[in-house]
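Okay, here's what each chain looks like letter by letter:
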Amino acid sequence: MSADLWPRVCEELRIVIGQDAFSHWIDPLQFRGCEDGVARLAAPTPFIGNWVSQHYGERIQKLICKSGTPVVRLDFTVLDQRMARAPAVPANSEKPARYAGAAAQAPVATSIVRPADTELPGSPLDPKYKFDNFVVGKPNELAHAAARRVSEPGPVTFNPLFLYGGVGLGKTHLMHAIAWQIQETQPEARVLYLSAEQFMYRFVQALRFKDMHGFKQLFRSVDVLMVDDVQFIGGKDSTQEEFFHTFNALVDQGRQIVITSDRPPNEIQGIEDRIISRLQSGLVVDVHPTDYELRLGILQSKAEAQARLHPGIEVDHGIFEYLAMRISSNVRVLEGALTRLFAFASLVGRRIDMEMAQECLSDILRASERKVTIDEIIRKVAEHYNVRMADLLGPRRARSVSRPRQVAMFLSKNLTTKSLPEIGRRFGGRDHTTVIHAVKKVEELRTIDAQISDDVELLRRMLEA
Ligand code: ADP
Ligand code: MG
C-alpha cells in the first residue's frame, strides 16, 4: 500500500461528492491503513462513521480497490476526540468499540459508542510520519539509526533516547515512526506518545480532579513513553517533579523512553540538575541542520508523492536543485514550497519551470534570501581555491582558475537575485551564455564529483553565515 493511497482516494471523492459533503464527512476521518482486505478508518463520532459507511462506503471501497489495494470491507472505529489515540490501549482501559462498517452491510446502530471512561492520553499519529518516508542523509543519520534501534524488539539499549535539534528537522517525524513501527511489529506493546504540554495538561487535570493515582497508574503502565518537545516542561516545577518520578519508575522497570527537545538537556531553561543528568544518562543525539544533498533527497521523495496527487505535471530540470539550494531554513518550509508549486501548476495547467517557481514562491525565496553579494562570492571562492581574484575575473582559461570561476558564477546565480547578463558583466564583462554554461557545468559536476559538491556546500555555508 502506498503512503498516498488515502490522499488520492480523497481527491477523487472530493470531485465526486463535492467540496461541502467532503469537508463535512470525509475530511474528519483518519485513515489507518489496509490490512488483509480491510481498510481501517477512524471517525470522530459514531454518527459520522455510520453515515459515511452507509452513504459512501461502497464508493470508498471501490476507489481504494481502483488504486491497486484490494479491500473487501471498511472498518470504522471511533476516534477519541480529546486526544485521538495512543498507538496501543493502556492496560486499564477497554478496547475502543468497533462497529462494523462493511460497505455492503447495513451499519449497526449509532449507540455503540466508545466507552466514555477510556480517556487515552496519547496524541494522534500522523500516517505520513513513518520510517518509509523518512529520507536519511548525513545530518540525521545517527538520529535515524537510534530511532530504528529503539523500535526493535529486545532489551532496552539506551534509555532515554534524547533527540534534539532545530525546528522542522524531523524529530516529531522520527517519534511517530518509532510508534508506528512498534505498533506494527509488537502490537502488544503499550506505546504512549504525547507532547510535553499534554503531559502537563494531564497532570494538572489529575490534580484538579484529585486523580493522581489514576494518572500515575496510567503513565507507569506503558512499555514505551515518548514525550515530544520536552523543553516546554522547563519552569513548571510540579510537573517537572512528576515527570521525573514517572521517568525514574519507567527506567527502573526497563521501559523505553524517547524524548525530543529543541536544545540539548543542559540548555533547557528552568529545569533541575538532577533531571538534566537523568536526561543525559542515555543516548543524546543531535539532529543536524539539513545539507544540500538531504534537502534534494527530501524534495525528490516528496515530489513523487505530489506527482501522484497531480498526475501529468512536468517539472523542469534543475528546479529541485534550485530549491534545495535556496531554501535552507527547514524541511517544513521546503515541503510547503513543493506543495504550493504543484497545487499552482495543476490549477493553472502549467509545467513547473524556473520562472513559475520564482513567481509562485517569491515570498519564501525572499525570506530565505541571504543578501550575499557577487563581490563576497568572488572573494570567498578565490580564498577557498587559493587563486587571485584578478584571475577569476580575467581571461585565463587554465582549469585551475576556470573551475573556481565557474563555481563562483554558479553561486552568484543561486545565491543572489542578479540576472545572468549582470553576473557576466561582474565577471570581467563575460557574455550571459558563458554564465549559463558555467551554471550547467557545476550542476552536472556536483552529481558526479564529490569534491565539487563539498566545495559548493562549504562555500554556500560560509557565505550564508
Ligand atoms: P520537528 O519535530 O523536528 O520540528 P517535524 O518532524 O515536524 O520536525 O518535521 C517537519 C516536516 O518535515 C514534516 O512534515 C516531516 O515529515 C518533514 N521532514 C523532516 N525531515 C524529514 C526527512 N528526513 N525525510 C522526510 N521528511 C522529513
Ligand atoms: Mg516536532
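Residues numbered from 1 in each chain as written. Chains lettered and ligands numbered in written order. Predicted model: local features only at pLDDT ≥ 70, side-chain atom pairs only at ≥ 80, totals over all residues. Heavy atoms only, no water.

Counting its regular elements, the protein contains 20 helices and nine strands. Taking the principal axes of the C-alpha coordinates as reference, the protein spans close to 80 × 60 × 35 Å. Relative to its full complement of 465 residues, the protein shows a buried share of 52%. Taking as baseline every contact in the protein between residues at least 6 positions apart, the subset at least 24 positions apart corresponds to 74%. As presented, the protein carries roughly 21,900 Å² of accessible surface, and 52% of it is formed by carbon and sulfur atoms. (Helix = DSSP H or I, 4+ residues; strand = E, 2+ residues; numbered from the N terminus. Buried < 20%, exposed > 50% of the residue type's maximum accessible area, 1.4 Å probe, protein only. Contact = heavy atoms within 4.5 Å. Areas by Shrake-Rupley, 256 points an atom, 1.4 Å probe, with all protein chains shown as cover.)

This brings us to helix α4 (residues 141-150). For α4, every residue scored as buried is listed here: Ala143, His144, Ala146, Ala147 and Val150. When α4 is viewed along its axis, its buried side chains cluster within an angular range of 165° and face the same direction. Against β5 (161-164), α5 (171-185), β8 (256-261) and β9 (283-286) lie the buried residues of α4. (Arc of directions from axis to C-beta.)

Parsing the protein into structural domains produces domain 1 (5-82), domain 2 (131-286), domain 3 (292-367) and domain 4 (374-464). Relative to domain 2, the C-alpha centre of domain 1 lies at a distance of 32 Å. (Domains from an automatic or database assignment.)

Glancing now at the UniProt feature "domain: Chromosomal replication initiator DnaA C-terminal" (unreviewed entry) in the protein. Mapped onto the present numbering, the UniProt feature "domain: Chromosomal replication initiator DnaA C-terminal" (unreviewed entry) falls at residues 373-442. Here residues 373-442 runs as 74% helix and 0% strand, with 19 Å between its end C-alpha atoms. (UniProt positions renumbered as here; feature names shortened; annotations may be inferred.)

Right, let's get into the packing of aromatic side chains. Using the criterion set out here, one finds eight aromatic pairs in the structure. Aromatic pair tryptophan 6 and phenylalanine 31: ring centres 5.0 Å apart, planes at 5°, arrangement stacked. Taken together, the residues span a long stretch of sequence, with tryptophan 6 in helix α1 (residues 5-17) and phenylalanine 31 in strand β1 (residues 30-35) at a distance of 25 residues. Pair check on accessibility: tryptophan 6 and phenylalanine 31 agree, each one buried. Between phenylalanine 215 and phenylalanine 219, the ring centres sit 4.6 Å apart and the planes meet at 40°, which makes this aromatic pair tilted. (Phe/Tyr/Trp six-rings, centres within 6.5 Å; stacked < 30°, edge-to-face > 60°.)

What follows is about the sheet that holds β9. With parallel pairing, five strands are arranged side by side in an open sheet as β6-β7-β8-β5-β9. Every interior strand has two partners, whereas the edge strands, β6 (191-195) and β9, have only one. In this sheet, neighbouring strand axes are inclined to one another by 15° on average, regardless of whether the strands run parallel or antiparallel. Here β6 runs beside strand β7 (residues 224-228); their pairing, made up of five bridges, is parallel. Note that in β7 the partner of valine 191 across the bridge is valine 224. Sitting on the sheet, helix α8 (residues 237-252) touches β7 and β8, and the angle it makes with β8 is about 140°. (Pairing = 2+ DSSP bridges. Axes fitted to C-alpha atoms, helices over the stretch in contact; angles between N-to-C directions.)

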